[in-house]
Amino acid sequence: MAAGEGTRLRPLTDRWPKPILPIDGRPVVVTLLHELAFCERIVVVTGHLAEQVEELVLPLPYPLEVVRQPPGLGSADAVVRARARPPYLAIAADTVFQPGAIQRFAEIAGTSDGATGWSGEERAPIWYLGARVHDHLDPLPGDPPYELQAVFRRATDAGAIVSAIQLGSTRDLTSPTDVVRENFPYLR
């Protein structure tokens, strides 16, 4: 999911979309796509400044599709637009995981109806949707923005088994200061 406006990172995201900003000098979305190389189908949902994201990812040697999402519709809407068939992963393109963590998450999550990732004390922006969770995307929950958290809540209320899987440390883009710290260590 690479469609958000990155409002916490303004003014950087007025000019560049959050997914193409770097951690360790590499665009976050590209790092994620390299980690997803084990997947047979990858859909990148773009939105804010979509052309920049698409220009960066489409030349990569992976089975990529791009779908655009209008602003403000949320993570559950992004998943619906991707037309994924369960089971599948949904990942926000603003976080870098430890090498191999996404594949390990997918393997462990495959034993449940759905899963969310945890990094330390916080929820990580990665979800596994099996059929029992996926079925709760239709209709989308509540009013926009439609969020995966509400879909998972509906699924668990209906008896789906959802796992919380520890991922280890992650790094994400949350403020302009973080972008500077992650990419210019000599300024610390």
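The structure we're discussing is the one just above.
Residues numbered from 1 in each chain as written. Predicted model: local features only at pLDDT ≥ 70, side-chain atom pairs only at ≥ 80, totals over all residues. Heavy atoms only, no water.

Draft legend 1. Seen up close, the pattern of salt bridges. According to the stated counting rule, one finds nine salt bridges in the structure shown. Its salt-bridge partner being Asp-77, residue Arg-81 comes within 2.6 Å of it at the nearest N-O pair. Separated by four residues within a single helix, Arg-81 and Asp-77 lie in helix α4 (residues 74-82), roughly one turn from each other. Owing to a relative accessible area of 27%, Arg-81 belongs among the partly exposed residues under this scheme. Residue classification places Asp-77 among the buried positions, given a relative accessible area of 6%. When the shortest N-O distance is used, the salt bridge between Arg-132 and Asp-113 registers 3.1 Å. Here Arg-132 is found in helix α6 (residues 131-134), whereas its partner Asp-113 is found in the loop between α5 (101-109) and β7 (114-119), with 19 residues between them in sequence. Salt bridges linked by common partners bring Glu-5, Arg-10 and Asp-14 together as one network. (Salt bridge = Lys/Arg side-chain N within 4 Å of Asp/Glu carboxyl O. Helix = DSSP H or I, 4+ residues; strand = E, 2+ residues; numbered from the N terminus. Buried < 20%, exposed > 50% of the residue type's maximum accessible area, 1.4 Å probe, protein only.)

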